[in-house]
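Chain residues, written in single-letter form:
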Amino acid sequence: MSGHDEETAKATRRKSGADGASDGQAKPARARTRATKKAGATTGPDLGSDKLYFKIGEVAQIVGVPAYVLRYWETEFKVIRPQKSRTQQRVYRRRDVETLLKIKHLLYAKKFTIAGARQQLRLGGDAVEMAPPSTSYLASQSLAALRESLDEMIAWVENTETTSTAADPVEFIRARGGARALIDEAAAVGEAQPLLQRTGREPL
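Residues numbered from 1 in each chain as written. Predicted model: local features only at pLDDT ≥ 70, side-chain atom pairs only at ≥ 80, totals over all residues. Heavy atoms only, no water.

1. Considering the packing of aromatic side chains
(1) Moving on: In this structure the tally under the stated criterion is one aromatic pair.
(2) Moving on: Arranged with centres 6.3 Å apart and planes meeting at 85°, the rings of Trp-73 and Tyr-108 form a pair that is edge-to-face. Taken together, the residues span a long stretch of sequence, with Trp-73 in helix H3 (residues 67–76) and Tyr-108 in helix H4 (residues 94–109) at a distance of 35 residues.
(3) Moving on: A relative accessible area of 3% places Trp-73 in the buried class.
(4) Moving on: Above the ring of Phe-77, the side-chain terminus of Arg-118 is found at 6.0 Å from the ring centroid. (Phe/Tyr/Trp six-rings, centres within 6.5 Å; stacked < 30°, edge-to-face > 60°. Helix = DSSP H or I, 4+ residues; strand = E, 2+ residues; numbered from the N terminus. Buried < 20%, exposed > 50% of the residue type's maximum accessible area, 1.4 Å probe, protein only. Lys NZ or Arg CZ within 6 Å of the ring centre and 35° of its normal.)

2. Some remarks on the confidence of the model for the protein
(1) Moving on: Overall, the prediction assigns the protein a mean pLDDT of 74, with 66% of residues at 70 or greater.
(2) Moving on: Highest mean pLDDT in the protein belongs to H3 (95); lowest belongs to helix H1 (residues 3–43) (47). (pLDDT = per-residue confidence, 0-100.)

3. Looking at the sheet that holds strand E1 (residues 53–55)
Strands pair in a sheet through their backbones, by hydrogen bonds, and they do so in one of two ways: parallel or antiparallel.
(1) Moving on: A sheet is described by the order of its strands in space; here three strands give the open sequence E1-E3-E2, paired in antiparallel fashion. Taken across any chain shown, the strands that pair with only one partner, and hence form the sheet edges, are E1 and strand E2 (83–84).
(2) Moving on: In this structure, E2 lies alongside strand E3 (residues 90–93), joined through two bridges in antiparallel fashion. Residue Lys-84 lies in a different strand from E3, and its bridge partner there is Arg-90.
(3) Moving on: Sheet contacts for helix H2 (residues 56–63): E1 and E3; angle to E1, the most-contacted strand, approximately 95°. (Pairing = 2+ DSSP bridges. Contact = heavy atoms within 4.5 Å. Axes fitted to C-alpha atoms, helices over the stretch in contact; angles between N-to-C directions.)

Quick look at the structure:
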């Protein structure tokens, strides 16, 4: 291959490489967008719980609306399809709860009508902002977690077989039978106890 041909081939490879890079830049961007959406869908908002399924009473507390409002929204928004338990109770998936928070944001904050909110969800459901979970529900979840931690601490203390009294001198002396018993014990083994034997101090 002549030098001219080699230069032409290199130029062609550089051009195709640049075109490929430009195409490749768009693809990772789309991949990153999908990854971000997937991560956001996995984590979602902080609902005060890691549960994946919720009963209607819990959902009503999270969303901050009465249960009958949730049942009405079910009839208006077909995207909400709670499952039924063996006892025929509604069981909402975490995704359903997130959709209900979006509906609340559209209706209460953005003042959309039912039809307008339905259209917004249909056109850009992933981009619709969610209303924050009810503060009273989050507070109750935090309180429950605190109570659970306290119960664990109490159980740990109650199940401790021996409690050390070495950190409290008074309790240590009482547990050993008093200061005189300590003096006698030290004298029996030949150890000096200058603090306890110092003149002018009465044994406890």
